[in-house]
Amino acid sequence: MKAAYRPDIDGLRAVAVSAVVLFHAFPGSLPGGFVGVDIFFVISGYLITGIVTSELRDKTFSLATFYQRRIRRIFPALIVVLAATVFVGLRLLLPNELHSLGKNAVASALFAANLMLLSEVNYFDIDAHLKPLLHLWSLGIEEQFYLVWPLILWALPRHRAPWAASVGLVASFALNLALVGGHPSAAFFLPFTRAWELMAGALLTFVPAPSKAVKELAAVVGFVAIEASFFLFTDKITFPGWAAALPVVGTFLLIMSEGATVNRILSLRPFVGIGLISYSLYLWHWPVLVFLQVYLFRQLNDTLGLVAVVLASILSVVTYFTVERPLRRQSRVVPIGAAMAAAGLFGLYAALVKVPDLPSQLQAMISAPDGVSAWRVHECILLDGEDGDFRNCSESKRPLIAIWGDSTASALIPGFRKLQQDHEFGIAQLTVSSCHPLLVLAHSASPYCLKKNAEIVRRISEIKPDVVVLHAIWDVNDRTGTTKPTIDALRVAGVPRIIILGPVPVWRGGLPNAAVDYYRRNRQIIPERTSQFVDSDAGDKVMSAIAAQLGVQYVSARKAMCRGDECLTQVNGSITARDIIHLTRAGSEFLIQQIAPQLGIE
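Conventions we followed
Residues numbered from 1 in each chain as written. Predicted model: local features only at pLDDT ≥ 70, side-chain atom pairs only at ≥ 80, totals over all residues. Heavy atoms only, no water. Disulfide = S-S within 2.5 Å. Helix = DSSP H or I, 4+ residues; strand = E, 2+ residues; numbered from the N terminus. Phe/Tyr/Trp six-rings, centres within 6.5 Å; stacked < 30°, edge-to-face > 60°. Buried < 20%, exposed > 50% of the residue type's maximum accessible area, 1.4 Å probe, protein only. Pairing = 2+ DSSP bridges. Contact = heavy atoms within 4.5 Å. Axes fitted to C-alpha atoms, helices over the stretch in contact; angles between N-to-C directions. Parallel < 35°, antiparallel > 145°, perpendicular 65-115°, else oblique. Left-handed = near helix turned anticlockwise from the far one by under 90°. Nonpolar A, V, L, I, M, F, W, Y, C, P; charged D, E, K, R; others polar. Expected span 1.5 Å × (residues − 1). Arc of directions from axis to C-beta. Salt bridge = Lys/Arg side-chain N within 4 Å of Asp/Glu carboxyl O. Polar contact = N/O pair within 3.5 Å; in protein donor to acceptor, adjacent residues only side chain to side chain.

> How should the state of the cysteines be read in this particular structure?
Cysteine pairs can be linked by a disulfide, which is a covalent bond between their two sulfur atoms. For the coordinates displayed, the defined rule picks out three disulfides. A sulfur-sulfur distance of 2.1 Å marks the disulfide that ties Cys380 to Cys393. Handedness of the Cys380-Cys393 disulfide follows from its S-S torsion of about -95 degrees: it is left-handed. Separated by 13 residues along the polypeptide, Cys380 in the loop between helix 17 (360-366) and strand 1 (381-382) and Cys393 in the loop between strand 1 and strand 2 (400-405) bring together distant segments of the chain.

Here it is as structure tokens:
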């Protein structure tokens, strides 16, 4: 017997998709809106398990028929969005961004978007806001669930199904807790650490219907739990972990409470209408937001966010009525599968074949060596909580210059290596990503950073460098009081010369993107120097004042790379920054050559 349609679940879908869209389009308006995805997981687990167990009970279940229905339900709208996203990406994205988009399009066509995104997670990956298919990770997890769970239900005796769902929930939740601390990306993207959310929905199909009074109470508690997640969580929270249990339990209680007052409200037409287009809206909203941001080359304000939401909503309604609904019940799956294969091949073309339509000079400029190979990643620059003692990061030559700071300090190493070709001195590289050289809690110092920086001070005491250069993403939030303990510790360690090297120019949107945007708008190569995309020199002024107050030498990287407000974009045909803040090899070599006399290297 086919399960009865529940309009309140479409209403719950409306809540989920609205939360995700608000979270992405209006950052800060709904800080925990990302948990809308977790609501979808519970709904999917409930519906799929209900369909399969009902058909097994009626002896009408067929794996082939089940997967055909899933293909008709998921593929058509996804094919349209994949094709449209790759098509637009071919015209707007940089080579590395297009390559990433193509790979993710292929992975999405193969039900593995989450695994591809996990494989790309590293410090040097392109920014998430430049990945138009980033949101399809959740679809990958659902598709993987659809492939495995119906098989398990089909293979098990019927009375074992609740036991299997319970074991799956407990095991998956435990794995989630075990991984989320040390491997947060794996806990976020892996199906094994997310399956418990779908299993929570699956268990609902085996729970007897409670009394009306219990339903009313459960619905209110569930609604409050979901709303609390929306407003109390932020993207800084450790997630999924324990935190994900709140929206999952809230969704569980709401689905369980069919007929309660809250559920009847969710069954109203406005909620159901949004719920019906929720799949298409989820698919469209993120590519629209990303491409609008890329095209305008600016962060979206609330007005532009609203424009993106309206455009995504229009596309969703059109997709629902012209693609989703017509093809859901009547179409054959072979043509749909062929279309999905074609979408995957289109992605493969973008990833491996197609080069963006840019002049060769600009292509060469933005593809110039970034210098990362000289950073000694995982050894002399530690990433994302890595352990390390910097034992092999100090040379014996004198004078010895120690570079202490974050990843922007590591970006100086190619310049120092180039300078060593003509000057006799040694280098000690003591760098930790995202860690200012600070010894007290401040806006940029995590407990991990404080621990590693204390170890760096001990290492400096051992190697006794002649000069210590402090460099980081200094900004207007830095203070004398937070920098002073570092200077005091270096003086206690006997460092004869301490230099604070000020911040390099900060390029809004990243210099490679700025160069491409300039060309697309002016049909000219970006000038050698420009003020158009550069942030102010406020951080430079702040750090100069701090150095003066602490009685240490200050060297302005800004003045070395800029003339007034106009900053250097290229050196000998190579771009000077690989992103917003990190120097390329050419940029690093130019900067260090310019400031060498101030460092005592002549």
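> What is the right way to look at the packing of aromatic side chains in this model?
Aromatic rings considered in pairs are described by the distance between their centres and by the relative angle of their planes. In total, this model carries 19 aromatic pairs according to the counting rule given. Residues Phe40 and Tyr282 carry aromatic rings whose centres are separated by 6.2 Å and whose planes lie at 70 degrees to one another, so their mutual orientation is edge-to-face. In this pair, Phe40 sits in helix 2 (residues 36-57) while Tyr282 sits in helix 14 (residues 278-296), placing the two residues 242 residues apart along the sequence. The same class applies to Phe40 as to Tyr282, namely buried. With a centroid separation of 6.0 Å and 85 degrees between ring planes, the pair formed by Trp137 and Phe189 is classed as edge-to-face. Here Trp137 is found in helix 6 (residues 137-155), whereas its partner Phe189 is found in helix 8 (residues 184-189), with 52 residues between them in sequence. Since its relative accessible area comes to 9%, Phe189 is described here as buried. The structure contains a cluster of three or more aromatic residues connected by ring pairs, namely Phe23, Phe34, Phe233 and Phe239.

> What am I meant to see in the pairing of strand 2 here?
Each regular strand displays side chains that alternate between the two surfaces of the sheet. Counting buried positions along strand 2 yields six of six residues, so the element is predominantly enclosed. Here strand 2 shows two buried faces, one formed by Leu400, Ala402 and Trp404 and the other by Ile401, Ile403 and Gly405. Where strand 2 and strand 3 (residues 426-432) come together, six bridges link them in parallel fashion. Within strand 3, the position partnered with Ala402 by the bridge is Ala428. As paired elements, strand 2 and strand 4 (residues 467-471) share five bridges and run parallel to each other.

> Please clarify how the sheet that holds strand 7 (residues 553-555) should be interpreted in this entry.
Strand pairing in a sheet relies on backbone hydrogen bonds, with the paired strands running either antiparallel or parallel. The strand order across the open sheet formed by six strands is 1-3-2-4-5-7, and the pairing between neighbours is parallel. Pairing within the sheet leaves two strands with one partner each, and these edge strands are strand 1 and strand 7. In this structure, strand 1 lies alongside strand 3, joined through two bridges in parallel fashion. By the bridge assignment, Leu382 is partnered in strand 3 with Val432.

> Explain the pairing of strand 3 here, please?
Counting buried residues along strand 3, seven of its seven residues qualify, which places the element largely inside the surrounding structure. Alternating residues of strand 3 divide into Gly426, Ala428, Leu430 and Val432 and Ile427, Gln429 and Thr431, and every residue in both groups is buried.

> In this structure, what is going on with the environment of Val440? I would like to understand it.
Relative to the helices and strands, Val440 is located in the loop between strand 3 and helix 20 (447-463). When the C-alpha atoms of Val440 and Asn453 are compared, they prove to be 9.7 Å apart, with 13 residues separating the residues in sequence. The residues touching Val440, leaving out its near neighbours within four places in the chain, are Ala445, Leu450, Thr482 and Pro485.

> In this structure, what is going on with the packing of helix 9 (residues 195-204) against helix 11 (residues 245-256)? I would like to understand it.
When two helices pack together, their arrangement is given by the angle between the helix axes and by the axis-to-axis distance. Across the interface, helix 9 lies against helix 11 with an axial gap of 10 Å and an inter-helix angle of 20 degrees. Judged by the inter-axis angle, helix 9 sits roughly parallel to helix 11. Viewed along their axes, helix 9 and helix 11 form a crossing whose handedness is right-handed. Together, Trp196, Glu197, Ala200 and Leu204 of helix 9 and Ala245, Val248, Phe252, Ile255 and Met256 of helix 11 make up the contact between the two elements. Among the residues forming the contact of helix 9 with helix 11, the class breakdown is eight nonpolar, no polar and one charged.

> Honestly, helix 21 (residues 480-492) in this entry has me stumped. Any pointers?
Side chains three or four residues apart in an α-helix point the same way, a direct result of the helix having 3.6 residues per turn. With 13 residues, helix 21 should cover 18 Å at 1.5 Å per step; its first-to-last C-alpha distance of 18 Å lies within 8% of that length. Residues Thr482, Thr483, Thr486, Ile487, Ala489 and Leu490 constitute the buried set of helix 21. Taken around the axis of helix 21, the buried residues stretch over an arc of 160 degrees, which confines them to a single face. For helix 21, the exposed residues lying more than 90 degrees away from the buried face are Gly481 and Val492. One or two steps after helix 21, the chain reaches Gly494, where phi turns positive at roughly 85 degrees.

> Can you help me understand the pattern of salt bridges in this one?
If charged atoms from side chains of opposite charge come close, those side chains can pair. Going through the model one piece at a time under the given rule, you end up with 23 salt bridges. Note that Arg417 and Glu395 form a salt bridge whose closest N and O atoms lie 2.5 Å from each other. Taken together, the positions of Arg417 in helix 19 (residues 413-420) and Glu395 in the loop between strand 1 and strand 2 put the pair 22 residues apart, joining distant regions of the chain. We classify Arg417 as partly exposed; its relative accessible area is 27%. Overall, Glu395 belongs to the partly exposed group, its relative accessible area being 24%. Residue Asp488 pairs with Lys484 through a salt bridge whose shortest N-O separation is 2.8 Å. A residue pair is termed a helical-turn pair when its members lie 3 or 4 positions apart in one helix, as Asp488 and Lys484 do in helix 21 at four residues.

> I keep staring at the side chain of Thr482 and nothing clicks. Help me out?
As for its position among the elements, Thr482 is in helix 21. For Thr482, a relative accessible area of 18% translates into the label buried. For Thr482, the side chain forms a polar contact with the main-chain oxygen of Arg479, separated by 2.9 Å.

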